[in-house]
Amino acid sequence: SLLRLQLWKFVDEHQIESLEKSKAKSALEKLQEERKTLPIYPYRDQLLQAVNDYQVLVIVGETGSGKTTQIPQYLHEAGYTKRGKVGCTQPRRVAAMSIAARVSQELGVKLGHEVGYSIRFEDCTSDKTILKYMTDGMLLREFLGEPDLAGYSVIMVDEAHERTLSTDVLFGLVKDIARFRPELKLLISSATLDAEKFSDYFDSAPIFKIPGRRYPVEINFTKAPEADYLDAAIVTALQIHVTKPPGDILVFLTGQEEIEAAEEIMKHRTRGLGTKIAELIICPIYANLPTELQAKIFEPTPIGARKVVLATNIAETSLTIDGIKYVIDPGFSKIKSYNPRTGMESLQVSPISKASANQRAGRSGRTGPGMCFRLYTAYSYYNEMEDNTVPEIQRTNLANVVLTLKSLGIHDLVNFDFMDQPPSEALLKALELLYALGALNKLGELTKMGRRMAEFPLDPMLSKMMVASEKHKCSDEIISIAAMLSIGNSIFYRPKDKQVHADNARMNFHTGNVGDHIALLKVYNSWRETNYSTQWCYENYIQVRSMKRARDIRDQLEGLLERVEIELTSNLNDLDAIKKTIISGFFPHSAKLQKNGSYRTIKHPQTVHIHPSSGLAQVLPRWAVYHELVCTSKEYMRQVTELKPEWLVEIAPHFYQLKDVEDLSQKKMPRGQGRPAEN
Ligand code: ADP
Ligand code: MG
């Protein structure tokens, strides 16, 4: 009877297997049917013909028409992948991941095999990969290893209208290689009508338009400006939920913190609505959202329920969520702003452009008539908003790009073929910074230091910190700190009902006022000592997911250290050595305490404050070095460590002179005293 049982089991498993197979097959068939309903489908053959006839093609089509998911598949079906990979760039990592996942499903293959993605610190591709989705920044880095991109038969620069810094630099590079690789096909695709400009730039490349389907969208403005757009957005969403016919809601917010706050408030308020009101499914989507939660936004809403998607700009054109009928647009996004005069960069919540506002509204009219609720006045739309967002290249720090271009052997940056020139001041500032960091010599040539720095996919100041860890023998600590800094501010969490406990747990890592960088290191090391325990994270109000990501990043940084031949050494007993290493990269970010408790940055005086989340917020050290500036109600320094002023002169003598770092108290003393020893 044992045999019978086993036989039975075999039959059973066999049946299940074939059942699963047929289920998978019908899912695949269904996806194939869906592909044929996309607006791009009727133009498939014409599009392939155009790709065949021209080397460079500009493709324009409304968001959701199928450009990103379909065109690479069409190219594969037409045989282009026999000659090399099809690469498709995205400005955002979540888009690269989620679209690759979708395309692998449509092709019925495992993600990472034939279809893969590559984003910073995460390479989900293999030797088999023929359709590769990646961030524009990653393709830029691929030039360093393969300057002619020989492994590719087609490059599709997607979301070109976003005009990110990396996309703009890619334009120049791909235009150049297209000249000496006539068999390489180049597609520039965009959701908006800037097509002429792209065409002009690429020597009058033809424009292929994919007619979109768009339903009317009713636009509503507020009568008066909203004092608190977050609250207004939540109230509006709940009102729609309670009073409007079925259809999902998309709310545009500016970042993770805001989205998490909104999620919590909405959950709280819907609890009070009673059972007569339909279920409201809340789906957040932002850059650092863990992969397993990203798929949730695409799951069809169950009948009788309503979905509300809380998204950053990512849902503006990069991702299309089917079923959205209502859009709530507070009119803001978080953008990097840069002052080329001072070289200071900060993240800032700023009003969006009219073009963005129109894209956002359009998200509601894709599958039927929609409604858009703008939480600003018609007056401000018509009179105050810019027509278009300024390309990133004109409002950002260029140090990273300059280092990459120099590493590619492109020296004459002023004559580089930019679609829109960066401000010459910003170029100059980038050269100055790289010189100060030791990456370039006086002639603007790449130094050995610069070559080593360029190996790291990090901002130059972080890269410098990595290389400097060799001298101070603390590379083990520095890669942990760099990995933790890369996670952003999603390490600690603070549940509403346990804030005191959470704050206490957090302050434990700040014992001795070691500063935020060392505190991050302590968090990482303590976790490592528990053998990466999840329980330990719970007990300390630390996000396990963020820590796991930090560990992944750290592993990769360790590999990169090996490539630049820096030994892994620990110097945990010498905190000053670690701080000096941080300052080797971040000396331009130093500030001095003022009488009123604010700070002045040293080189280009500007008033800044210690962020309330910093362990030093109550301590107010006399001198401080910071990781980044964020501008909310004030200009805040985030991740702050105390420094000794003499270190600045010691570490960066070409940047700081004694007079920059002389203390008031020292000035009162007779000359020669209280000054750092000159050795
Ligand atoms: P475009 O690039 O022209 O904006 P896409 O190719 O991104 O259009 O989208 C085509 C369709 O694929 C849309 O209907 C969208 O909802 C769907 N889609 C894209 N990514 C996913 C995903 N990860 N899961 C489910 N559907 C997706
Ligand atoms: Mg797209």
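Everything discussed here concerns the structure shown above.
Residues numbered from 1 in each chain as written. Chains lettered and ligands numbered in written order. Predicted model: local features only at pLDDT ≥ 70, side-chain atom pairs only at ≥ 80, totals over all residues.

Draft legend 1. Representation of the site of ligand 1 within the structure. In the vicinity of ligand 1, 17 residues are found, and the nearest of them are Lys67, Thr68, Thr69, Arg102 and Phe298. Those elements that provide at least two residues to the shell around ligand 1 are helix 3 (67–77) and helix 4 (93–107). (Near = placed C-beta within 6 Å. Helix = DSSP H or I, 4+ residues; strand = E, 2+ residues; numbered from the N terminus.)

Draft legend 2. Representation of the packing of helix 5 (residues 136–145) against helix 6 (residues 165–180). One can describe the packing of helix 5 onto helix 6 by two numbers: an axis separation of 8 Å at closest approach and a directional angle of 40°. The angle between helix 5 and helix 6 falls in the class oblique. You can see that helix 5 and helix 6 cross each other, and the crossing is left-handed. Note on element contacts: helix 6 touches helix 5 through Ser166, Thr167, Val169, Leu170 and Leu173, opposite Asp136, Gly137, Leu139, Leu140 and Phe143. For the contact of helix 5 with helix 6, a count of residues per class yields six nonpolar, three polar and one charged. (Axes fitted to C-alpha atoms, helices over the stretch in contact; angles between N-to-C directions. Parallel < 35°, antiparallel > 145°, perpendicular 65-115°, else oblique. Left-handed = near helix turned anticlockwise from the far one by under 90°. Contact = placed C-beta atoms within 7 Å. Nonpolar A, V, L, I, M, F, W, Y, C, P; charged D, E, K, R; others polar.)

Draft legend 3. How the structure looks around the environment of Tyr326. Here Tyr326 is to be found in strand 13 (residues 324–329). Remark: the alpha-carbon pair of Tyr326 and Cys372, spanning 46 residues in sequence, is separated by 5.8 Å. Those residues in contact with Tyr326 that sit more than four places away from it in its chain are Ile240, Lys244, Gly247, Ile249, Ser364, Gly370 and Met371.

Draft legend 4. How the structure looks around the nonpolar core. Grouped together as the largest cluster of nonpolar side chains are 175 residues, with contacts concentrated most on Val58, Val251, Val309, Ile328, Ala482 and Met637. With eight residues, the top contributor of residues to this core is helix 4. Leaving out residues up to four positions away in the same chain, Val309 has contacts with Asp248, Leu250, Val251, Cys283, Ile285, Ile297, Ala315 and Ile321. (Core = buried A, V, L, I, M, F, W, Y, C linked by C-beta atoms within 7 Å. Buried ≥ 20, exposed ≤ 12 C-beta atoms within 10 Å, placed from the backbone.)

Draft legend 5. Spotlight on the sheet that holds strand 16 (residues 370–374). Taken in spatial order, the six strands line up as 9-16-13-10-12-11 in an open sheet, and their pairing is parallel. One side of each edge strand has no neighbouring strand; the edge strands of this open sheet are strand 9 (217–220) and strand 11 (280–285). On average, adjacent strands in this sheet sit at an angle of 15° to one another, irrespective of strand direction. Two strands pair when backbone bridges link them, and strand 9 and strand 16 are joined in this way by four bridges, in the parallel orientation. Directly across from Asn220, in strand 16, lies its bridge partner Phe373. Here helix 11 (residues 354–362) sits on the sheet and contacts strand 9, strand 10 (248–252), strand 13 and strand 16; the angle it forms with strand 13, its principal contact strand, is near 150°. (Pairing = 2+ DSSP bridges.)

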